[in-house]
Amino acid sequence: MGAGGSKEIGVYGDLLVNANAGTAGGGFGGVAVAGNALSGNAYVRWNPNVPDVRGKNLRLSVTLKGEERTVVAYRRDEDFDGEYDNVRGTTRRQVTDYRRSSNQFLFQTLWLADLNASVKVRDAQFPFQFSLPNRLPPSMSHTLGGGSKAEIVYSVTTELVDPTRGGGWFGIGSNPYTHVTPFQVVNPQPDLERARNFPINIPPTTEAVNLLCCIPRGHMTLAAHIPMPIVASGTEMQMGFEVANNSSAQVNSVVLKVKEKVIACAEGERETRTVVIAENRIPAATIPGVQAKDSHNRQELRQAKMGTLVPSQSMKQQYISCGLPAAALESYSGRLISVSHSVELLLDTGTFVSDPTVAADVFVYRQQGAGYAPPPVTGVYQQQQQQPQ
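Asks: Give me the lowdown on the overall build of the protein chain, citing residues and values where you can.
Replies: Helix and strand counts for the protein chain stand at 1 helix and 20 strands. Counting the 389 residues in the protein chain, one finds 46% classified as buried. Within the protein chain, residue pairs in contact and separated by at least 24 positions form 75% of the contacts whose partners lie at least 6 positions apart. Split by element, the accessible area of the protein chain, about 19,300 Å² in all, is 49% carbon and sulfur.

Encoded structure:
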């Protein structure tokens with residue numbers, strides 16, 4: 001009967017969400033939406049005369065599982081007796097080791113049928129249905145580099161179990177009549193009204209503009225606001241900003257970046273990787289009001305320096321946007337894995353040390369029906385490995 005059995009006895013399972021997934025799931029299965037029903041079918045081929053099951057009362061079950069899995073690579077010192085780096089004898093060397101952890105946050109089992117010597121049906125089909133919780137950790141599989149990895153995986157396991165052995169067969173992991181069906185989970189779109197998806201004003205920052213570290217060129221104030229801090233993957237991320245340029249320095253370009261930070265923890269080790277998943281750079285010459293001494297009058301510049309610049313209430317506000325990749329991860333905080341997003345606006349002044357910057361956190365959610373695929377990386381911003389505090 002294929003996986004999970006032989007020609008005489010075996011099990012198989014499928015899910016409705018996988019029926020039309022084809023190869024679009026990339027090996028991770030179809031896409032289910034949290035809060036909805038997860039339906040499927042379990043198939044069994046039964047022969048009570050097979051020696052392994054003769055005289056036994058078995059049960060056909062399906063089990064829904066959701067799990068965080070992490071692998072963290074780290075470097076450690078060890079004593080070595082032999083030749084290392086052309087040096088013979090006892091010395092110390094660095095080796096790469098790996099920590100692995102898992103956290104099962106979802107586990108549900110349904111009993112579908114009892115199978116024994118009195119059951120004469122050879123092939124049978126049993127429909128089943130699980131009710132998924134309203135919110136779940138979104139499916140992901142992310143490589144952090146150096147062998148480190150973070151995954152959130154879901155599956156439905158169809159199996160024959162022996163109740164007299166505590167649900168197992170001959171021991172843990174030894175059941176020969178098991179079939180595992182993977183699938184993916186996305187969350188429903190947030191209720192943006194209840195989530196209070198209102199604009200966020202980022203406090204202004206005023207920076208002294210110096211040329212080559214020591215030649216003063218004046219001051220520059222940058223403030224910004226985010227119209228919608230809760231955004232969907234595959235859509236435009238927009239930011240409004242205002243520049244009060246009280247310096248003789250020119251702004252070369254305005255740069256908007258969206259960063260994705262993934263943290264994986266395993267047995268006391270932690271790996272962090274931050275990447276730029278979206279970026280837009282606009283020449284400042286095409287944006288009115290950001291060049292030297294031409295943006296604000298004296299009173300406005302004085303107010304800006306005092307921290308009263310609020311671009312969302314100003315007629316001099318400008319806008320910049322960039323497109324988020326459709327496969328961006330969803331913001332998430334779990335026991336072993338954390339995914340966070342931030343947006344950063346930078347003024348490239350070309351003075352080497354003075355590039356005013358503002359930043360804020362945003363929440364990114366995956367659109368329904370979007371299967372997992374690794375996000376395109378436009379540039380690694382930071383990669384570090386550290387012990388948890």
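There is more to say, and it comes next.
Asks: Hey, could you go over the pattern of salt bridges for me, with residue numbers and the actual values?
Replies: This structure, assessed with the given rule, holds 11 salt bridges. Residue E151 pairs with K149 through a salt bridge whose shortest N-O separation is 3.4 Å. Salt-bridge contacts for E344 lead to K259; the nearest nitrogen and oxygen are separated by 2.9 Å. With E344 in strand β18 (residues 337–348) and K259 in strand β14 (residues 253–266), this pair connects stretches of sequence that are 85 residues apart. Taking relative accessible area as the criterion, E344 reaches 14% and is therefore assigned buried. Of the residues examined, K259 reaches a relative accessible area of 5% and is grouped as buried. Through salt bridges with shared partners, a single network forms among E279, R281 and D348.

Asks: Report on the nonpolar core, specifying residues and quantitative values.
Replies: Across soluble globular proteins, nonpolar side chains show a tendency to be buried alongside one another. Among the nonpolar cores identified, the biggest contains 42 residues, and L38, V156, L160 and F183 are the most heavily contacted of them. In this structure, V156 is in contact with L15, L38, V62, T63, L64, F128, F130, H179, V180, T181 and F183, ignoring residues within four places of it in sequence. Counting 32 residues, the second-largest nonpolar core is a separate cluster that includes I320, L324, A328 and V362.

Asks: Please give an account of the environment of C322 that cites residues and values.
Replies: With respect to the secondary-structure elements, C322 resides in strand β16 (residues 318–323). Setting aside residues no more than four positions away along its own chain, C322 makes contact with T235, E236, M237, L256, V258, A278, E279 and N280.

Asks: Give a description of the sheet that holds strand β1 (residues 10–15) that names residues and reports values.
Replies: Spatial strand order, β1-β3-β6: 3 strands in an open sheet with antiparallel pairing. For this open sheet the edge positions go to β1 and β6 (123–131), each flanked by a neighbour on one side alone. Shown here is a sheet whose adjacent strand axes are inclined to one another by a mean of 20 degrees, direction ignored. Note: strand β3 (residues 37–45) against β6, 9 bridges, orientation antiparallel. Note that in β6 the partner of A42 across the bridge is F126.

Asks: So what about the packing of aromatic side chains? Which residues, and what values?
Replies: Counted by the stated rule, this structure contains 4 aromatic pairs. A ring pair is formed by F105 and Y154, whose centres lie 5.7 Å apart and whose planes are at 75 degrees; its orientation type is edge-to-face. A residue pair is termed long-range when its members are at least 10 positions apart, and F105 in strand β5 (residues 87–115) and Y154 in strand β8 (residues 148–161) qualify at 49 residues. F105 gets classed as partly exposed once you look at its relative accessible area, which sits at 27%. Look at Y154 and F183: their rings are 5.8 Å apart centre to centre, the planes differ by 40 degrees, and that puts the pair in the tilted class. Placement of the pair is Y154 in strand β8 and F183 in strand β9 (residues 178–186), with a sequence separation of 29 residues. The class for Y154 is buried, based on a relative accessible area of 3%. Three or more aromatic residues joined by ring pairs make a cluster, and in this case those are F105, Y154 and F183.

Asks: An account of the side chain of E344 is needed here, citing residue identities and associated values.
Replies: Polar contacts involving the side chain of E344 include one to the side chain of K259, which spans 2.9 Å. Not counting the four nearest positions on each side in its chain, E344 is found in contact with V255, L256, K257, K259, T357, V358 and A359.

Here is what the cut-offs are and how they apply
Residues numbered from 1 in each chain as written. Predicted model: local features only at pLDDT ≥ 70, side-chain atom pairs only at ≥ 80, totals over all residues. Heavy atoms only, no water. Helix = DSSP H or I, 4+ residues; strand = E, 2+ residues; numbered from the N terminus. Buried < 20%, exposed > 50% of the residue type's maximum accessible area, 1.4 Å probe, protein only. Contact = heavy atoms within 4.5 Å. Areas by Shrake-Rupley, 256 points an atom, 1.4 Å probe, with all protein chains shown as cover. Salt bridge = Lys/Arg side-chain N within 4 Å of Asp/Glu carboxyl O. Core = buried A, V, L, I, M, F, W, Y, C linked by side-chain atoms within 4.5 Å. Pairing = 2+ DSSP bridges. Axes fitted to C-alpha atoms, helices over the stretch in contact; angles between N-to-C directions. Phe/Tyr/Trp six-rings, centres within 6.5 Å; stacked < 30°, edge-to-face > 60°. Polar contact = N/O pair within 3.5 Å; in protein donor to acceptor, adjacent residues only side chain to side chain.

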